[in-house]
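As a plain string of letters, each chain reads:
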Amino acid sequence: MTLHMKKVEETLSFVGSTRQGLSADEASARMARDGRNLLERAPPKTTLQRLGEQLANPMVLVLVGAAILSGIFGEWIDALIIFGVVGLNTLLGVVQEGRSERSIEALARLTADTCRVLRDGAVREVPAEELVVGDLVELDPGEYVAADMRLIEAASLKIEEAALTGESAPVEKQTAALDDASLPLGDRTNLAFMGSTVTYGRGVGVVVATGMRTEMGRIATALNEPVQETTPLQAKIAQLSKLLSLLVLGICAALIVVGLVRGDEGSFFELFMMAVSLAVAAIPEGLPAVITVVLALGVTRMAKRKALIRKLHAVETLGCTQVICSDKTGTLTQNRMTVQALFIEGKEYAVDQLPATEAAARAGQVFLLCNDAKGALDDDTSGPTGDPTEVALLTFAARRQTTKAAQEALTPRVGEAPFDSERKRMSTLHALPSGYAIYAKGAPDELLRCCTHYLAEGEVRPLDAEGRAQIEAANKRFADRAMRVLGAAYRECAERPAEQRPEAFEHSMIFAGMVAMIDPPRPEAKLAIAECRAAGIRPVMITGDHRDTAVAIASQLGIMDAESKSMTGSEIERLSQEELTRIVDRCAVYARVAPEHKVRIVKAWQANGKVVAMTGDGVNDAPALKAADIGVGMGITGTDVSKSVSEMVLADDNFATIVSAVREGRKVYANLKKVVQFLLSTNASEVLALFVATLFGIKLLYPIHILWVNLVSDTFPALGLGVEPAEKGIMRERPRASTEGFFAGGMVVDILYQGLALAGLTLLAYRMGAAHSPKVGTTMAFVVLSSAQLFHAFNLRARRHSILRRGGRPNLLLLGASAVSLALTVAIVSIEGLNTLFRVEALSLREWGVALALSAAIIPIVELVKAMQRSVAALRREEARGAPPDEEE
């Protein structure tokens with residue numbers, strides 16, 4: 001849209017309107033043609049659709065098939081248990097993955113309910129949704145802009161556009177045509193956009209776009225586009241599901257074929273039930289539930305640290321985040337203009353070092369009284385209200401003076417010349433006990449035009465070339481640091497000016513000083529960014545603010561260094577996506593960007609294989625939040641739109657909270673690897689033991705035994721492993737690549753040898769028990785398989801180091817879960833009725849002793865292998881680096 005390049009009359013002609021507005025008939029015809037001024041929304045997924053997605057999981061389908069066939073053959077207990085597991089996991093999945101699509105509804109709430117429109121030559125109040133292109137709309141302070149408009153009148157008009165453009169201060173609007181077609185939205189000062197807010201002055205605009213054709217509508221369109229939301233963990237678990245499903249089907253088919261070829265006397269039904277036992281053994285039924293619970297516990301811990309997770313798998317995604325693309329305003333900065341420095345009597349001072357001089361008092365008085373902000377610093381929790389710049393000046397001045405109300409009581413305002421974008425200053429007239437005072441503030445270069453004297457060394461001096469040069473040099477130094485600078489001037493007179501015009505007020509004034517202000521960085525953000533860098537995470541700033549301001553803040557925070565570059569939205573516009581992908585890692589700051597630029601930047605990083613987190617609080621951030629691997633919204637300053645499309649919301653708007661969340665995400669991922677290794681190694685032991693026993697014609701275990709082991713002896717200890725404390729130095733490691741295999745680092749070898757060891761101990765237990773009777777052998781095998789897995793859980797508290805050197809506080813949940821699981825196993829074997837249901841019989845004390853000794857043997861076996869692995873790893877490091885082995889190894 002290039003309407004910002006057209007003159008007012010050209011725009012009116014282009015949209016088919018006049019300064020008298022449209023007729024009611026013409027407005028009705030246009031609404032019938034273009035539709036209502038509303039934002040559309042994509043239909044959300046239904047509960048049935050989410051349910052179908054959960055049931056489409058290959059592991060779930062295999063289990064459902066096994067349950068149906070078990071029921072057909074009369075094994076109702078097995079069938080009911082399997083269906084119970086499937087139902088629980090599916091319900092958890094639907095509840096956790098289901099999310100309401102409130103994004104567009106939140107966008108719609110940003111528009112006005114009604115607005116004043118000029119129709120048939122008269123002003124009428126009409127619903128905002130009935131606005132059409134060509135309508136003339138009046139704009140007053142406090143009102144939402146209901147559609148995109150070309151301004152045709154602007155009297156000291158300022159509009160807050162931070163939610164759309166990222167601009168931290170209200171934008172001064174005007175009506176003249178602009179001559180650059182590539183201007184970003186924040187610089188199109190003759191346009192007003194849907195969803196922005198009028199903060200000062202008044203204006204009239206002609207509607208040039210409504211509904212989905214507005215800039216807000218373009219964002220809504222992007223939010224409606226479907227995005228693939230598969231996280232690294234989801235992808236790896238999906239791959240594991242397919243692999244296990246194929247493995248299960250292959251083992252079952254092989255078992256039936258071997259049995260038929262051998263000509264076993266048993267029926268086909270017996271062979272089938274053994275195949276079902278193997279299927280149940282191979283599939284870790286508790287894995288989805290355990291992963292859900294471990295992630296949920298991570299969510300709870302993060303919530304205590306003010307990071308609210310809206311989607312469980314976002315916890316894991318945080319752990320592999322490699323790039324954080326952060327919005328500036330309100331995220332890295334405080335979203336509050338603040339006076340940082342002053343120039344008084346030829347010297348520059350920090351805000352907390354201002355001298356107690358007449359000049360400083362004069363400047364403070366000007367900024368306090370030549371000010372339209374309302375309220376006091378301590379009147380309520382909100383403090384002063386009004387234009388952010390004036391609030392900053394009032395806050396600064398009021399801390400050194402009495403309250404504004406008290407000063408105005410002594411020197412009441414009796415006249416004013418309001419701020420004008422052409423004069424770039426405002427002035428107020430105040431009554432003194434004897435005479436009058438005129439106070440003025442504005443851009444220093446413009447204010448100097450009105451001054452003939454200045455304060456220096458405690459006296460009023462004529463404003464000569466040297467004094468003017470000194471003030472202009474200070475102004476430039478502040479501007480070079482991306483600060484906004486305002487000057488203060490005053491004049492006292494015996495008589496009240498005859499006319500209340502700027503020309504009557506603003507002459508023969510005395511320049512009192514200048515203040516420099518900026519939206520300052522959050523104090524904790526610099527430390528958080530330093531920790532990000534130590535963790536191998538690249539912080540990047542993406543903002544709609546000006547380049548100089550963005551670079552200044554980024555340099556203060558440590559985001560930008562000597563080798564980093566900055567880029568603007570206009571420069572991005574000239575690049576193809578392939579070109580942007582090639583250079584994206586060279587830039588630390590992107591300024592004056594539009595919403596579509598943010599999405600392009602995120603996708604460019606992703607094209608380089610990076611896992612990207614995007615933080616933001618405005619409507620303009622929403623498309624990029626949705627496109628990123630994890631969107632991080634701001635809970636306090638964030639709009640409903642940005643929060644509703646984010647996977648995580650920061651309740652305290654604190655960038656440092658992201659670092660805590662990343663640390664938690666890394667810990668959760670490390671624990672999930674331990675959980676998966678534990679479950680797969682124990683399930684491998686069940687498959688191997690059953691397969692070997694079946695080949696030798698041994699009835700080792702029944703399906704109900706396998707289900708019990710998987711749901712109790714596996715699941716409870718797995719939950720304990722899921723809450724292990726973080727390993728030391730977890731935030732000094734480089735983030736893992738999203739392409740890194742879940743089983744990297746020798747995990748497959750660990751699963752196989754541990755599964756073989758557990759299977760061997762189980763078969764040995766059967767052999768020793770079968771010497772008494774086959775049923776005792778089955779009971780011994782069941783006890784050892786159940787108990788050995790409990791001992792094995794403690795092996796995995798440390799994947800490589802000895803558990804004797806694990807250190808740290810004890811894992812009480814793992815201890816408790818193991819104790820409960822062992823007690824339940826003892827109850828099943830020892831209590832009459834229960835042992836009949838589970839097809840086992842009571843054991844003697846000697847048999848219990850043998851079974852527990854065999855179960856505990858898994859610890860020294862794994863400890864021996866770990867010691868060998870550490871020795872091999874140390875030798876490899878010594879060969880690669882020429883350094884001695886690590887002492888701990």
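Residues numbered from 1 in each chain as written. Predicted model: local features only at pLDDT ≥ 70, side-chain atom pairs only at ≥ 80, totals over all residues. Heavy atoms only, no water.

Colleague: What's the story with the overall build of the protein chain in this structure? I'm lost.
Modeller: When helices and strands are counted, the protein chain shows 33 helices and 24 strands. The buried share among the 889 residues of the protein chain stands at 55%. Across the protein chain, the fraction of contacts at a sequence separation of at least 24, relative to all contacts at a separation of at least 6, is 72%. (Helix = DSSP H or I, 4+ residues; strand = E, 2+ residues; numbered from the N terminus. Buried < 20%, exposed > 50% of the residue type's maximum accessible area, 1.4 Å probe, protein only. Contact = heavy atoms within 4.5 Å.)

Colleague: Please explain the pattern of salt bridges as it appears in this structure.
Modeller: Think of it this way: side chains of opposite charge can pair up when their charged atoms draw near. Overall, the coordinates contain 39 salt bridges when judged by the stated rule. The salt bridge involving Glu390 is made with Lys441; its shortest N-O contact spans 2.8 Å. Residue Glu390 is located in helix H14 (residues 388-398), and its partner Lys441 is located in strand E14 (residues 435-442); the two are separated by 51 residues in the primary sequence. Note on accessibility: Glu390 and Lys441 belong to one class, buried. Here the residues in one salt-bridge network are Arg423, Arg425, Glu446, Arg449 and Glu506, joined through shared partners. (Salt bridge = Lys/Arg side-chain N within 4 Å of Asp/Glu carboxyl O.)

Colleague: In this structure, what is going on with the pairing of strand E18 (residues 509-518)? I would like to understand it.
Modeller: Looking down a regular strand, the side chains alternate between one sheet face and the other. Summarising burial for E18: 10 of the 10 residues are buried, a large majority. Strand direction decides the pairing type here: strand E10 (residues 338-344) and E18, joined by five bridges, are antiparallel. By the bridge assignment, Ala341 is partnered in E18 with Ala516. Summarising the sheet, strand E17 (residues 484-493) and E18 pair through seven bridges and their orientation is antiparallel. Its bridge partner lying in E18, Tyr490 is registered against Ile510. (Pairing = 2+ DSSP bridges.)

Colleague: Before we go on, may I ask you to explain the packing of helix H26 (residues 655-695) against helix H28 (residues 747-770) in this structure?
Modeller: Relative placement of two packed helices is described by the angle separating their axes and the distance separating the axes. Where H26 contacts H28, the two axes come as close as 7 Å, and the packing angle between them is 45 degrees. Here H26 is positioned oblique relative to H28, judged by the angle of their axes. Crossing angle aside, the handedness with which H26 passes H28 is right-handed. Residue-level inspection shows Lys673, Val676, Gln677, Leu680, Ser681, Thr682, Ala684, Ser685, Leu688, Ala689, Val692 and Ala693 of H26 in contact with H28, the latter providing Met747, Asp750, Ile751, Gln754, Gly755, Leu756, Leu758, Ala759 and Leu763. (Axes fitted to C-alpha atoms, helices over the stretch in contact; angles between N-to-C directions. Parallel < 35°, antiparallel > 145°, perpendicular 65-115°, else oblique. Left-handed = near helix turned anticlockwise from the far one by under 90°.)

Colleague: Would you mind going over the nonpolar core with me for this structure?
Modeller: What tends to happen in soluble globular proteins is that the nonpolar side chains get buried as a cluster. Counting residues in each nonpolar core, the largest one holds 79 residues, and the members touching the most others are Met648 and Phe655. Among the elements that line this core, the one with the most residues is H26, at 10 residues. If we skip the residues at most four places from it in the chain, Phe655 touches Ile324, Ser326, Thr331, Leu332, Ala525, Ala528, Ile529 and Cys532. Residues Ala689, Val776, Leu785 and Phe838 belong to the second largest nonpolar core, which totals 37 residues. (Core = buried A, V, L, I, M, F, W, Y, C linked by side-chain atoms within 4.5 Å.)

Colleague: Just checking my understanding: could you explain helix H17 (residues 465-480) for this structure?
Modeller: Two residues of an α-helix separated by three or four positions point the same way, owing to the 3.6 residues in each turn. Spanning 16 residues, H17 covers 22 Å between terminal C-alpha atoms, matching the ideal 22 Å at 1.5 Å per step. Among the residues of H17, those classed as buried are Gly467, Ile471, Ala474, Asn475 and Phe478. The buried residues of H17 occupy an angular sector of 100 degrees when projected down its axis, which confines them to one face. Opposite the buried face of H17, by more than 90 degrees, sit the exposed residues Ala465, Glu466, Lys476 and Asp480. For H17, the elements touching its buried residues are E10, strand E11 (347-350), helix H16 (444-448), strand E15 (451-456), E17 and E18. Where H17 terminates, the next one or two residues include Ala482, which has phi positive at roughly 60 degrees. (Expected span 1.5 Å × (residues − 1). Arc of directions from axis to C-beta.)

Colleague: Where do I start with unusual backbone geometry in this structure?
Modeller: Within the chain, Asp120 stands out as a residue other than glycine whose phi angle is a positive 55 degrees. Relative to the helices and strands, Asp120 resides in the loop between strand E1 (114-119) and strand E2 (122-127). A positive phi angle is found at Glu345, which is not glycine, with a value near 50 degrees. Within the secondary structure, Glu345 sits in the loop between E10 and E11.

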